[in-house]
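Listed here are the chains, written in short residue letters.
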Amino acid sequence: MRQTGYVEKIHSRKSLKRPGSDLVFSIVNAILLILIAVCTLVPFLDVALTSITPTKEIVKNAKALIAIPKSPTLSHYRYVLNGNGTILRAMGVTIFRTVVGTAVSLCVTVLTAYPLSKKFLPGRNILMKYFFFTMIFSAGMIPSYLVVKMFGLTDSLLAFILPNALNVYNMIIMRTFFLGIPAELEESTRIDGCGEWKALLKVVLPLSTPVLASIGLFYAVWHWNSFFDAVLYITDRKLWPLQTLLREILLSTSMSELLGGSGSLSEAMPPSTAVINATIMISCIPIMAVYPFIQKYFVKGIMVGAIKG
Amino acid sequence: MKKRARPKREGPAAMVKMSPSKAVRKYHNYYLMLIPGIVLIGLFAYLPIICNFIAFKDYKIFLGPFKSTWNGLDNFTRLFQGNDFGQIFSNTLVLGMLKLLLGFPAPILLALMLNEVGNQLFKRLVQTVVYLPHFISWVVIASLTSTLLSPNDGIINMLLSKLGHQPIFFMGDPEYFRGVLVATDIWKETGWSAIIYLAALSGIPQDMYEAATVDGAKRMQKILFITLPCLVPTIIIMLLLRVGNIINVGFEQVFTLYSPPVYRVADIIDTYVYRIGIVDAQYGFATAAGLFKSVVALVLVVSCNWITKKSGQESLF
């Protein structure tokens with residue numbers, strides 16, 4: 001380790017001594033990367049700034065590229081959250097489906113991936129093919145809709161949780177991880193007289209926290225972001241998650257219709273863009289707030305998946 | 001894998017192929033664990049696949065899937081002879097190819113650029129930022145896009161007007177809308193797709209670069225003659241995966257971004273199925289369109305995989 005560090009140091013010193021093309025290359029590269037990062041962030045910044053700009057300033061700033069509010073305000077957020085509870089309820093639905101849906105999915109994924117990681121299990125290859133085929137052949141929107149309807153799951157929260165409970169891709173990632181756990185570790189529990197369930201709970205799962213975190217987060221983000229299953233399966237707006245409601249708000253020209261409160265109309269109504277932006281921020285903030293800290297788990301998850309077993 | 005090559009610890013009995021009943025008795029706990037997954041996939045993946053038979057029926061809602069009358073290939077002939085389908089199929093292919101052409105090289109380029117950064121903190125910072133859009137829903141991104149591209153007060157149009165250009169209504173102009181789709185796709189996924197290339201790059205042995213430095217290679221030469229060739233196997237696999245998925249253009253993206261004025265250039269098979277099936281409730285006909293897409297997708301994926309296998313690369317299945 002130390003030696004490679006030393007070698008690198010020599011190299012960097014060399015390139016510093018020769019200020020020609022190498023340095024120019026590094027600077028151009030860094031500038032381009034900064035530009036890319038800025039382009040990624042500008043849309044978010046734009047929305048975030050508008051959402052805290054007072055109504056008066058928005059009108060005044062209409063012709064500025066990016067305007068930093070002089071007196072930032074949270075009034076738009078207050079307006080959205082006080083509404084008549086529509087957005088709060090939608091948020092509740094989203095939180096419910098994210099928590100329960102992730103828990104269910106994680107359990108099913110572990111229970112499926114673990115036996116399939118046992119190379120001696122008879123029928124393992126056929127079962128893998130059974131799961132894998134659904135990855136390359138999709139049933140299509142209409143038959144899926146009809147099946148969910150047939151089971152009476154429309155207008156039920158179960159429609160969010162059951163149809164996509166097991167993501168085969170995530171299952172394969174987890175199985176690949178389980179394959180890497182040495183069989184000898186489980187062997188010891190079997191000698192102690194523990195069954196397969198105990199081996200899974202006491203030995204395998206404690207060793208698998210990184211992959212459990214990754215896959216759990218993949219499921220959680222998926223649940224948090226999905227909007228289309230509600231469009232398909234839910235006609236009762238009370239059961240809509242935040243993303244679906246947000247889409248409806250963005251489509252409808254006026255907010256008043258959705259937020260419904262006839263009282264709120266008589267009060268000075270903020271311009272809809274600011275309110276919409278506040279709603280967007282509310283739907284993104286949870287992900288953006290935790291994302292930098294959990295990023296490494298996502299990356300780990302995709303890395304395990306890349307090294308296929 | 002040879003079926004008989006089982007670990008010795010299973011005893012001599014395991015060397016012989018086990019009868020199903022014996023296997024179930026011996027490993028019943030493992031099979032029990034598999035039941036929830038098997039049942040869920042059976043009910044919500046295979047049952048819908050079977051339900052595709054209504055593509056061959058004149059589906060009447062009040063009759064249901066079983067009592068509706070069979071009508072052979074009528075739905076398919078109506079689909080292929082109809083006015084819309086040619087346009088929709090070509091939209092799907094054109095969008096898929098545009099995304100492939102422009103969206104595929106982007107993460108490779110980004111990974112190469114990130115790989116050349118010496119300062120680890122800066123590298124990690126850029127990575128954190130560019131991965132972020134992957135985790136934002138298309139609903140939010142669609143609204144960010146329409147805000148940015150608004151002809152009245154969007155940043156892009158303000159920049160254009162500063163350059164003395166007339167404002168462009170990107171979201172409603174068939175001439176620009178495909179560009180919007182490709183650009184938002186690149187914006188959202190380039191960072192995340194670069195991860196796989198970065199992983200491949202971290203596996204390149206350092207001594208190759210050291211040897212090249214001794215030989216007096218310039219930085220660009222090292223990228224072109226060491227880094228890039230080392231990436232080729234990964235690039236080929238990713239390319240074939242992408243080509244196999246070319247027909248999956250991204251339903252959620254188009255669905256959240258498009259509007260009637262741009263249907264002509266942006267309506268893809270999935271959105272068409274949604275409108276004909278869910279909105280107009282022509283279940284049989286829409287299922288026929290969806291089934292056609294699923295079959296084409298399957299053929300594409302299987303043939304791409306076959307090519308990968310033939311070329312001696314590690315294949316998907």
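No experiment lies behind these values; they were computed from the predicted model shown. (Residues numbered from 1 in each chain as written. Chains lettered and ligands numbered in written order. Predicted model: local features only at pLDDT ≥ 70, side-chain atom pairs only at ≥ 80, totals over all residues.)

Undergrad: Would you mind going over the overall build of chain B in detail, with residue names and values included?
TA: Counting its regular elements, chain B contains 17 helices and two strands. Computed over C-alpha atoms, the radius of gyration of chain B comes to 26 Å, more than 25% over the 20 Å expected from 2.2 N^0.38 for 317 residues, which places it beyond the range of a compact globule. Expressed as a percentage of the 317 residues in chain B, the buried residues total 33%. Restricting to contacts in chain B with at least 6 residues of sequence separation, those with at least 24 account for 66%. (Helix = DSSP H or I, 4+ residues; strand = E, 2+ residues; numbered from the N terminus. Rg over C-alpha atoms; globule rule 2.2 N^0.38 Å. Buried ≥ 20, exposed ≤ 12 C-beta atoms within 10 Å, placed from the backbone. Contact = placed C-beta atoms within 7 Å.)

Undergrad: Just give me the short version of the interface of chain B and chain A, but keep the residues and values in it.
TA: Taken together, the contacts link 70 residues of chain B with 75 residues of chain A. Broken down by element, the side of chain B that touches chain A gets its largest block of residues, 14 residues, from helix α3 (residues 28-51) of chain B.

Undergrad: Residue-level account of the domain arrangement of chain A, with values.
TA: Residues and elements named next belong to chain A. If you check the domain split of chain A, you get domain 1 (2-73) and domain 2 (78-306). Contacts between domain 1 and domain 2 engage seven residues on the former and eight residues on the latter. Put simply, the parts of the chain that give the side of domain 1 that touches domain 2 at least two residues each are α2 (21-51) and α3 (55-60). A total of four residues in the side of domain 1 that touches domain 2 trace back to one element, the largest contributor, which is α2. Partitioning the side of domain 1 that touches domain 2 into residue classes produces three nonpolar, four polar and no charged. (Domains from an automatic or database assignment. Nonpolar A, V, L, I, M, F, W, Y, C, P; charged D, E, K, R; others polar.)

Undergrad: With reference to specific residues and values, describe the nonpolar core.
TA: Counting 124 residues, the largest nonpolar core has Y114 and M174 of chain A together with V254, V273 and A289 of chain B as its most contacted members. The dominant element in this core, judged by the number of residues it contributes, is helix α5 (residues 86-116) of chain A, at nine residues. The residues that make up this core include at least three from each of domain 1 (2-73) and domain 2 (78-306) of chain A. Excluding residues that lie within four positions of it along the chain, V254 of chain B makes contacts with L181, V249, A266, I268 and T271 of chain B. (Core = buried A, V, L, I, M, F, W, Y, C linked by C-beta atoms within 7 Å.)

Undergrad: Can you explain the environment of Y114 of chain A? Please cite residues and give values.
TA: The topology assignment puts Y114 of chain A in helix α5. As for Y114 of chain A and Q243 of chain A, which are separated by 129 residues in sequence, their C-alpha atoms are 33 Å apart. Residues within four places of Y114 of chain A in sequence aside, it is in contact with F178, L200 and V204 of chain A together with M33 of chain B.

Undergrad: I'd like a description of the packing of helix α7 (residues 105-115) of chain B against helix α13 (residues 219-244) of chain B, backed by residues and values.
TA: Residues and elements named next belong to chain B. It is at 12 Å that the axes of α7 and α13 come closest, and there the two elements cross at 135°. Here α7 is positioned oblique relative to α13, judged by the angle of their axes. Of the two possible hands of crossing, α7 and α13 adopt the one that is right-handed. On α13, the residues that touch I108, L112 and N115 of α7 are I223, T227, L231 and I235. Each residue belonging to the contact of α7 with α13 can be placed in one class, and the counts come to five nonpolar, two polar and no charged. (Axes fitted to C-alpha atoms, helices over the stretch in contact; angles between N-to-C directions. Parallel < 35°, antiparallel > 145°, perpendicular 65-115°, else oblique. Left-handed = near helix turned anticlockwise from the far one by under 90°.)

Undergrad: Kindly report on helix α16 (residues 269-279) of chain B, identifying the contributing residues and their values.
TA: Every buried residue of α16 of chain B is accounted for by I269, D270, Y272, V273, Y274, I276 and G277 of chain B. If you follow the buried residues of α16 of chain B, they end up packed against α7 (141-150) of chain A together with α6 (83-103), α14 (251-257) and α17 (283-310) of chain B. Just past α16 of chain B, the residue A281 of chain B takes up positive phi, approximately 60°.

Undergrad: Before we move on, can you summarise unusual backbone geometry with the specific residues and values?
TA: Residues and elements named next belong to chain A. Here the phi dihedral of D155 falls at roughly 60°; this positive angle occurs in a residue that is not glycine. By the secondary structure assignment, D155 is in the loop between α7 and α8 (158-161). By C-beta crowding, D155 is classed as partly exposed, having 13 other C-beta atoms within 10 Å.

Undergrad: A description of the environment of L198 of chain B should follow, citing residues and the corresponding values.
TA: Residue and element names in this part refer to chain B. Inspection of the secondary structure puts L198 in helix α11 (residues 174-202). Sequence spacing of L198 and I108 is 90 residues, and the spatial spacing of their C-alpha atoms is 8.6 Å. Setting aside residues up to four positions removed in sequence, L198 forms contacts with A111, L114 and N115.

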